[in-house]
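# Structure assessment
Residue strings, one per chain:
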Amino acid sequence: MGNTNELTNRINERYSTMSKGQKLLATYITDNYDKAVFLTAARLGEVVGVSESTVVRFAAQLGYKGYPQFQRALEEMVRDKLDGVQRVEVTYGRISRSKVLESVLTSDMERIRGTLEKLDQNVFELAVETILSARRIYIVGIRSCAPLAAFLSFYLNLMFDHVHLLHTNSSSELFEQMVRIGREDVIIGISFPRYSLRTLKALEFANDRSAKVITLTDSVHSPMNLYSSCNLIAESDMASIVDSLTAPLSVINALIVALCMRKQDEVADTLEQLEQIWDEYQVYENDEIDYIDDKLKMHYAKAGDLDL
């Protein structure tokens, strides 16, 4: 709750010097910070009944460089506190029904842009090197992160021999699948608010056995980073009915491409083998069809002989 106290203290310290409009903002934000965090400066001004410039000056008076920085301070206060009903209220409070497509796609673009600005290139390269040097690769993602884990696993299987996508309904099942994890292995944990305790337990288990831990999560403050030596940060939209995981998927795409570039020969060999398998399978199918056709031909030929 450090951020809550910090922001509250800033408001309390400066309240007496605020204009009437800024005091209205201070009161609204104190009482409704879980909704205010997701509003643009213009929208917040509309809700409170002040101008956008008043909102911007309010953020500056509290000591923030701009409204986006003030929003981030608010975001830390409410992270992981929204329930489903509040998510719906917030989403419909800021998006009109006629602009859902435009709003959601624009928001996703902003998430990717923000991720590109924040993601450390050195950390990304470390993740690539760690995966390349691993004996076995374990991947875990629960609930809405499960499709991301499956997507990553699908492509890593084209490049590496020992890729394990962890499937689980309980922590004990996770540990059973990870029983052989050790110092030469790596686990990639994918988790976004609300964070998965099972994923965190899997990372703790791996860390206890000296395996390398890579996380893909939304913040340096994420609990997933407790056991990680390599933190890939991607923005997600926690104030949505549907978790926006577009930016995390883009980071996964970049990871796959970077690994493919380093493993070109292996990927080419695998794809060539797959092509041969597909061709053989198709030939087998054709053989089956031809075999049936031949039997049918023989049957009709015999029938014709009898007629004679």
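Description of the structure in this document. (Residues numbered from 1 in each chain as written. Predicted model: local features only at pLDDT ≥ 70, side-chain atom pairs only at ≥ 80, totals over all residues. Heavy atoms only, no water.)

## So, the overall build of the protein
Along the backbone of the protein there are 13 helices and five strands. Per-residue burial for the protein yields a buried fraction of 40% across its 308 residues. Contacts in the protein between residues at least 24 apart in sequence constitute 71% of all its contacts with a sequence separation of at least 6. Surface exposure of the protein reaches about 17,600 Å², of which carbon and sulfur atoms provide 53%. (Helix = DSSP H or I, 4+ residues; strand = E, 2+ residues; numbered from the N terminus. Buried < 20%, exposed > 50% of the residue type's maximum accessible area, 1.4 Å probe, protein only. Contact = heavy atoms within 4.5 Å. Areas by Shrake-Rupley, 256 points an atom, 1.4 Å probe, with all protein chains shown as cover.)

## Quick word on the pairing of strand β1 (residues 137-141)
Of all five residues in β1, five are buried, a share of seventy percent or more. With burial as the criterion, each face of β1 is covered, one bearing Ile137, Ile139 and Gly141 and the other bearing Tyr138 and Val140. Regarding the hand of the β-α-β motif, the stretch spanning β1, helix α9 (residues 146-156) and strand β2 (residues 163-165) is right-handed. One ladder, built from five bridges, connects β1 with strand β3 (residues 186-190); its direction is parallel. The partner of valine 140 across the bridge, within β3, is glycine 189. (Right-handed = clockwise from strand over helix to strand, strands pointing away. Pairing = 2+ DSSP bridges.)

## Focus on the environment of arginine 194
Take arginine 194: it is sitting in the loop between β3 and α11 (197-208). For arginine 194, a relative accessible area of 41% corresponds to the partly exposed category. Arginine 194 sits 51 residues away from arginine 143 along the chain, and the two C-alpha atoms are 9.9 Å apart.

## Observations concerning the pattern of salt bridges
Inspection of every chain in the model, using the stated rule, returns eight salt bridges. The salt bridge partner of arginine 14 is glutamate 13, with a shortest N-O separation of 3.6 Å. Linking lysine 201 and glutamate 204 is a salt bridge whose minimum nitrogen-to-oxygen distance equals 3.9 Å. Placement of the pair is lysine 201 and glutamate 204 together in helix α11, with a separation of three residues, close to one helical turn. One network of salt bridges, with partners in common, ties together Arg111, Lys118 and Glu235. (Salt bridge = Lys/Arg side-chain N within 4 Å of Asp/Glu carboxyl O.)

## Re the sheet that holds β2
Pairing is parallel in the open sheet, where five strands are placed in the order β2-β1-β3-β4-β5. Edge positions in the open sheet fall to β2 and β5 (230-233), since each of these has one partner strand only. Geometrically, the sheet is characterised by an average inter-axis angle of 15 degrees between neighbouring strands, direction not taken into account. Packed onto the sheet, helix α8 (residues 121-132) meets β1, β3, β4 (212-217) and β5 and runs at close to 125 degrees relative to β5. (Axes fitted to C-alpha atoms, helices over the stretch in contact; angles between N-to-C directions.)

## Some remarks on unusual backbone geometry
With a phi close to 55 degrees, arginine 143 is a non-glycine residue in the positive phi region. Take arginine 143: it is sitting in the loop between β1 and α9. The phi torsion at serine 210 lies on the positive side, around 65 degrees, for a residue other than glycine. Summarising the element assignment, serine 210 is placed in the loop between α11 and β4.

## Some words on the packing of aromatic side chains
Any pair of aromatic rings gets described here by the distance separating the centres and the angle formed by the planes. Tallying each qualifying case throughout the model produces six aromatic pairs. One aromatic cluster in this structure is built from Phe58, Tyr64, Tyr67 and Phe70. Positioned above the aromatic ring of tyrosine 64 is the side chain of arginine 10, whose terminal nitrogen or guanidinium carbon lies 4.3 Å from the ring centre. A cation over an aromatic ring shows up here: arginine 209 above the ring of phenylalanine 205, its NZ or CZ 3.8 Å from the ring centre. (Phe/Tyr/Trp six-rings, centres within 6.5 Å; stacked < 30°, edge-to-face > 60°. Lys NZ or Arg CZ within 6 Å of the ring centre and 35° of its normal.)

## Some thoughts on a nonpolar patch on the surface
Together, Val100, Leu101, Val104 and Leu105 line one region of the surface with nonpolar side chains, adding up to about 350 Å² of accessible area. You can see valine 100 is positioned in helix α7 (residues 100-118). A relative accessible area of 38% means that valine 100 is categorised as partly exposed. (Patch = residues over 30% accessible without salt bridge, like charges linked within 9 Å, V, L, I, M, F, W, Y side chains within 5 Å.)

## Observations concerning the pairing of β4
Extensive coverage of β4 is indicated by the burial of five of its six residues. Relative to β4, β3 runs parallel, the two sharing five bridges. Residue pairing for β4: isoleucine 190 is matched across the bridge by leucine 216. Handedness of the crossover joining β3 and β4 through α11 is recorded here as right-handed. Here β4 pairs with β5 via four bridges, running parallel. In the strand pairing of β5, threonine 215 is matched with asparagine 231.

Any link to function would need more than the numbers given here.
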